[in-house]
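What follows is each chain in one-letter form.
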Amino acid sequence: MEKTDQVEILIVEDNPDDAEMALRALKKNKLANNILVVDDGEKALDFIFARGDYKERSSKNRPKIILLDLKLPKVSGLEVLKELKANKKTRIIPVIVLTSSKEESDIVESYELGVNSYIVKPVDFDKFVDSVNDLGLYWLLLNQQPSV
Amino acid sequence: MINNAQYCLILSLVLIAAFVCAISGAKANCFPGDTLSIASEPDYPPYCIIDEKGHADGFSVELFKASADAVGFEVDVKIGIWKKIMNDLAEGRIDALPLVGRTPEREKLFDFTMPYLSLHGAVFVRKGTAGINSLEDLYGKEILVMKDDNAEEFVRREQLTDKITTTNTFEEAFRTLSSGEYDAVVTQRVMGLNLLEELDITNIEALNFQVPGFRQDFCFAVQKGDTLLLERLNEGLSVVIANDIYKELRSKWFGPDAGKQKSLKEVISIVLLILIPILIILILSWIISLRQQVKNRTKSLNKEVEERKKVIDALKISEETYRNLFQNAQVGLFRTRISDGQILESNEQLAKMFGYPGRKEIIADYKTSENYVDPGTREEMLQQIKTKGFVQNFEARFYRKDRSIFWASYSARINHEQGWIEGVVEDITDRKEAEIELRGLKVNLEKEVVARTIELNEKVQKLDKSQKAMLYMVEDLNRITAELKEERRKLQASNQELEAFTYSVSHDLRAPLRAINGFSKFLLDDYAERLDDEGKRFIDTIRRNASKMDQLISDLLNLSRVSRSEMRLSDVDMKSAAFEVFDDIAGVQEKKEFEFVVGDLPHAKCDPTLIRQVWGNLIDNALKYSAHAKIKKIEILARQKKEEITWCVKDRGAGFDSRYIDKLFGIFQRLHKEEEYPGTGVGLAIVQRIIHRHGGSVHASGEIGKGAEFCFTLPRSHND
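About the thresholds
In every chain, residue numbers begin from 1 and rise along the written sequence. Working convention: letters from A go to chains and numbers from 1 go to ligands, in the order in which they are written. This being a predicted model, a pLDDT of at least 70 is required before a residue's local features are given, and a value of 80 or more before pairs of side-chain atoms are given or counted; all residues contribute to the totals for chains, interfaces and linings. The side-chain figures draw on all heavy atoms in the structure; neither hydrogens nor water molecules are used. By the convention used here, residues are in contact when the closest approach between their heavy atoms is within 4.5 Å. Accessible area, probed at 1.4 Å, shrinks when two parts are joined; the buried area is that loss added up over both. Between Lys or Arg on one side and Asp or Glu on the other, a salt bridge is scored when a side-chain nitrogen of the former is within 4 Å of a carboxyl oxygen of the latter. Think of a polar contact as two N or O atoms within 3.5 Å of one another; within protein, one of them needs to be a possible hydrogen donor and the other a possible acceptor, and neighboring residues in sequence only count if both atoms come from side chains. Under the scheme used here, helices are H or I runs from DSSP no shorter than 4 residues and strands are E runs no shorter than 2 residues, and both carry numbers assigned from the N terminus. Gly is placed with the polar residues, together with every amino acid not listed as nonpolar (Ala, Val, Leu, Ile, Met, Phe, Trp, Tyr, Cys and Pro) or charged (Asp, Glu, Lys and Arg). As used throughout, domain bounds are those supplied by an automatic or database domain assignment. Only residues whose relative accessible area exceeds 30% and that form no salt bridge enter a patch; like-charged residues are grouped when within 9 Å of one another, and nonpolar side chains (Val, Leu, Ile, Met, Phe, Trp, Tyr) when within 5 Å. Methods summary: accessible areas were calculated by the Shrake-Rupley approach with a probe of 1.4 Å, and residue burial reflects only the protein chains presented. The classification of residues rests on relative accessible area computed with a 1.4 Å probe and restricted to protein chains. Under 20% of the type maximum is buried, over 50% is exposed, and intermediate values are partly exposed. Any cysteine sulfur atom paired with another within 2.5 Å is treated as part of a disulfide. His is not counted here, nor are the chain ends, while Lys and Arg score as positive and Asp and Glu score as negative. For the purpose of locating charges, the reference atoms are NZ of Lys, CZ of Arg, CG of Asp and CD of Glu. It is the directions from the helix axis to the C-beta atoms whose arc is reported. Strands qualify as paired when DSSP identifies two bridges or more between them. By nonpolar core we mean a set of buried residues, namely Ala, Val, Leu, Ile, Met, Phe, Trp, Tyr and Cys, connected to one another through side-chain atoms within 4.5 Å. An expected span of 1.5 Å times one less than the residue number is assigned to each helix. For every residue, the predictor reports its confidence as pLDDT, a number between 0 and 100. Lines are fitted to the C-alpha atoms to define the axes, a helix being fitted only along its stretch in contact, and any angle between axes, read from their N-to-C directions, falls within 0 to 180 degrees.

Undergrad: Explain the interface of chain B and chain A residue by residue, including any values.
TA: Counting from both sides, the interface comprises 23 residues of chain B and, opposite them, 21 residues of chain A. For the pair chain B and chain A, the summed buried surface comes to about 2000 Å²; carbon and sulfur atoms form 52% of the total. On the chain B side of the interface with chain A, the three residues burying the most area are His507(B), Arg514(B) and Phe522(B), jointly 32% of the side's total. Across the chain B-chain A interface, the total number found is 6 salt bridges. When the shortest N-O distance is used, the salt bridge between Lys28(A) and Asp525(B) registers 3.0 Å. Scanning the region where chain B abuts chain A turns up 5 residue pairs in polar contact (both at pLDDT 80 or more). Broken down by secondary-structure element, the contributors of at least two residues to the side of chain B that touches chain A are helix H14 (429–527) and helix H15 (533–564) of chain B. Take the side of chain B that touches chain A: its biggest share by element is 16 residues, from H14(B). The class makeup of the residues in the side of chain B that touches chain A is 8 nonpolar, 5 polar and 10 charged.

Here's what the structure looks like:
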């Protein structure tokens, strides 16, 4: 794991298998650098706002992208999303919701909270790699964040 | 002796007195006849003396009595010496003095009436004395005066001479002069002359010239402040002067003025001077008074005339009012003879009521005794009126002149002396008829009420029963509602459970599949060189099955969502929907190969999302099962009936064995091998479920190798 101040991609995922597959998919897309995986919503918020276990890091260094699972222990993915988008400093961070469900209520609610993109984790790993590839290229290479 | 100036004075006094008399009218005699107590000196001739009988007498005493009498007083005269009687008056023991010379000293003690006499001084000398013709001639002469007399005051004041000798009395002075001593005596003329006569001195005479400045005014005196008596005495004095008593007294006591006798002409002119103004004033006063009286009387007479006129007018109006009332009254007014009921007096209304053209015709023609329809009622009325004196609202039927009958109500009183009955009568036929009708109606109404009451009671009883039944029903309903609520709550709870379950399935069931598929792939990628072809085939099989299971889960969730999702009905253009769905799901190759024909499709009222799923599943099936067919044609058509519309998708594909038609729409049911036609067997189940939710039905027909037709029917009520 890289230094927390240099994290570019934050993955919030409680299933280690899914996390590993995501990392592998990113790696296949040459996006393996500076990735941090946290396994619940609370840790994700602590990291982003530099508190709790992450109070040593500078909150000015924000990840360039967050991959967020919805079904999480403690603080759910929707709650994390809500908090991020309610804060002026963090709402510009692109958030991509990763979920195994196509349940409409999840999709609608995520978009209402201001999610930037949404993908269903496909069972077929190849499709997953393609999706990550598309997203990574789009968000990290083509889209420059405004510097705040 | 009384000169013109005095006359003028007297005249003016008289005028004032006359005027007072004229104004006050009879007032002068209205005062009480009190007795005045006065006192007189015994020897002041001729003013105050004593007669032979010892009573007071003299000019002043008589003048006082006459004046007092003129204003209604009696007088009681006492006699006393001057000094004493003067004190008596000053201290109030007497009311007045008849003769008091007015001097400044005395004015402090008494009030004085107007002077009735002014005495002038004179110079007395022995007869034969020459050289004294005026007061100036006295200078150097020896003069005698009585001590303290006003004569002494006068000669000293005027300094008539430087040789003044005083005596105690004038008698002494005159006797001294008579004896040849001294040159003159100065005293009052009248008193002096009288005294000389009394003393029988003849050699002394009064010089015949005036002594200006030596004059004394004599008045009646009253106690200081007794103004009431003073006024009365002044008034009396004026009257006495005016009516000549004064003159008579003067003549009596002083005799006719020899040498001063007035001529007849003078007397007449004086009399005229006095009398004419008095007369004029009296006449004027009388005229004024008379005019005033006439004026007052005229005024009161006018007033009286006016009032009488008013009374007469009022009486006229009143009479007219009563006449009008009597003649125009809307009720009949009558007077009848008790004995036979003969009409003696009537108004027009009464005549009309009894069928006569006018009051003249009814009077003396109509006898009530013959015209009572029920003669008994007349007897009854007579009995009542004789005992009570009146009847009130007595109702009876009468015959009119033409023998028609009417109802009358009358009130009347009896006049026993005149032997008649008088009163008012009203035709109440209409009222009576209405009453009778009302009575009839009332009886009917009562019957009706009884009948209705019975009817109502029956209805009430029925209603009671119904109400009870209703109450039971309501209780049942409440119970059922409560049960329904409970059921609904349970349903909601189970729905929530189902939600949670499907959510869990969609997330948790997939994660292991992803891992199986993903890690199998990692195995193939990372360890390919260590696996032979058989090993790789196994891994592929694992991956394929994992994907299939994912597909099954998706389809199941789909089916579940169809059941759970909320339906939103709207008007859907079915033709466009079919085209769009085909466009979505058909691949490029399929679009080239297939003939897609859509007929005239009516619109439908349904949930657009769900109906697209129906079209999707049916068209997808048609494509899939036509994959190996020679004729690749899909037709979409509709059949309309009165109650419903049916839409169908027809293909020329594999078809099916109609024996298994029942299994077509069952879940996970398949009639073909998966190797031939992939699928999970959920599509048609979803179609059926959606159509059932819309209240419609699905059906299919087909033949192996010739094609199939899948149809769904929606009721028209849904489409209207």
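Moving on, there is more to tell.
Undergrad: Outline the domain arrangement of chain B, listing residues and values.
TA: The assigned domain composition of chain B is domain 1 (4–261), domain 2 (280–328), domain 3 (331–427), domain 4 (440–563) and domain 5 (565–719). Computed from C-alpha coordinates alone, the two centres of domain 2 of chain B and domain 4 of chain B are separated by 117 Å.

Undergrad: I'd like a description of a nonpolar patch on the surface, backed by residues and values.
TA: Residues and elements named next belong to chain B. Together, Leu264, Ile268, Leu272, Ile276, Ile280, Leu284 and Ile288 give the surface a local cluster of nonpolar side chains, amounting to about 670 Å² of exposed area. Structurally, Ile276 can be placed in helix H10 (residues 264–328). Relative accessible area serves as the criterion here: at 39%, Ile276 is assigned to the partly exposed category.

Undergrad: Before we move on, could you go through the state of the cysteines and cite the residues and values that matter?
TA: Residue and element names in this part refer to chain B. In this structure the tally under the stated criterion is 1 disulfide over all chains. Between the sulfur atoms of Cys648 and its disulfide partner Cys711 the distance amounts to 2.0 Å. In this structure, the disulfide formed by Cys648 and Cys711 twists by about 110° around the S-S bond and is classed as right-handed. Placement of Cys648 in strand E23 (residues 644–651) and of Cys711 in strand E25 (residues 707–715) is noted, with a sequence separation of 63 residues between them. There is no split in this pair, since Cys648 and Cys711 are both buried. Left unpaired, Cys219 is separated from the closest cysteine sulfur, that of Cys48, by 13 Å.

Undergrad: How would you sum up a positive patch on the surface? Please name residues and give values.
TA: All names here are of chain B. Taken together, the side chains of Arg452, Lys459, Lys462, Lys465 and Lys468 present a region of like positive charge at the surface. Relative to the assigned elements, Lys462 resides in helix H14. Taking the relative accessible area as the measure of exposure, Lys462 reaches 58% and is therefore exposed.

Undergrad: An account of helix H3 (residues 77–86) of chain A is needed here, citing residue identities and associated values.
TA: Residue and element names in this part refer to chain A. For H3, the set of buried residues is Gly77, Leu78, Val80, Leu81, Leu84 and Lys85. Projected down its long axis, H3 shows its buried positions confined to an angular sector of 160°, all on one face. Away from its buried face by more than 90 degrees, H3 exposes Lys82 and Ala86.

Undergrad: Can you break down the side chain of Glu152(B) residue by residue, with the values?
TA: All names here are of chain B. Take Glu152: it is sitting in helix H5 (residues 150–158). For Glu152, a relative accessible area of 9% corresponds to the buried category. A distance of 2.8 Å separates polar atoms of two side chains, one belonging to Glu152 and the other to Arg156. For Glu152, the contacting residues outside a window of four places in its chain are Val145, Met146, Lys147 and Thr166.

Undergrad: Any details on the pairing of strand E17 (residues 405–415) of chain B? Residues and values, ideally.
TA: Residue and element names in this part refer to chain B. Where strand E16 (residues 390–399) meets E17, 8 bridges bridge the pair, whose relative direction is antiparallel. Paired with Glu395 across the strands is Ser409, a residue of E17. The antiparallel hairpin formed by E16 and E17 contains 5 residues in its connecting segment, where Arg403 sits at a positive phi of about 70°. Note: E17 against strand E18 (residues 420–427), 8 bridges, orientation antiparallel. Along E18, the bridge assignment pairs Ile414 with Ile421.

Undergrad: Describe the pattern of salt bridges, listing the residues and the values that go with them.
TA: All names here are of chain B. The tally for this structure, following the rule as stated, stands at 49 salt bridges over all chains. A salt bridge links Arg479 to Asp476; the shortest N-O distance between them is 3.4 Å. Within this pair, Arg479 and its partner Asp476 are both found in helix H14, separated by 3 residues, close to a single helical turn. Residue Arg479 is classed as partly exposed on the basis of its relative accessible area of 46%.

Undergrad: I'd love a proper account of the nonpolar core, names of residues and values included.
TA: In terms of nonpolar packing, the biggest core is built from 44 residues, with Met574(B), Trp615(B), Ile636(B), Trp647(B), Phe710(B) and Phe712(B) touching the most fellow members. Listed in part, the 33 residues of the second largest apolar core include Cys48(B), Phe73(B), Leu119(B) and Leu230(B).

Undergrad: Outline helix H2 (residues 59–70) of chain B, supporting the account with residue identities and numerical values.
TA: Residue and element names in this part refer to chain B. With 12 residues, H2 should cover 16 Å at 1.5 Å per step; its first-to-last C-alpha distance of 16 Å lies within 8% of that length. Those residues of H2 that sit buried are Phe59, Ser60, Val61, Leu63, Phe64, Ala66, Ser67 and Ala68. In the stretch just after H2, Gly72 is the one whose phi turns positive, near 85°.

Undergrad: Got a sec to walk through the confidence of the model for chain B? Specific residues and values, please.
TA: Per-chain confidence: chain B averages 85 in pLDDT, with 93% of residues scoring 70 or above. Confidence drops under pLDDT 50 across residues 18–32 of chain B; counting only partners more than four residues distant or on other chains, this segment forms 10 contacts.

Undergrad: Can you tell me about the sheet that holds E23(B), naming the residues and giving the values?
TA: All names here are of chain B. Read from one edge of the open sheet, 5 strands run E20-E22-E23-E25-E24, paired in mixed fashion. Edge strands, defined here as strands with exactly one partner in the open sheet, are strand E20 (595–598) and strand E24 (697–703). Across the sheet, the mean angle separating the axes of adjacent strands is 15° when strand polarity is ignored. Where strand E22 (residues 633–640) lies against E23, 7 bridges are found, and the strand directions are antiparallel. For Leu637, the partnering residue across the bridge sits in E23 and is Cys648. Against the sheet, helix H19 (residues 683–693) touches E24 and E25, its axis set at about 145° to E24.

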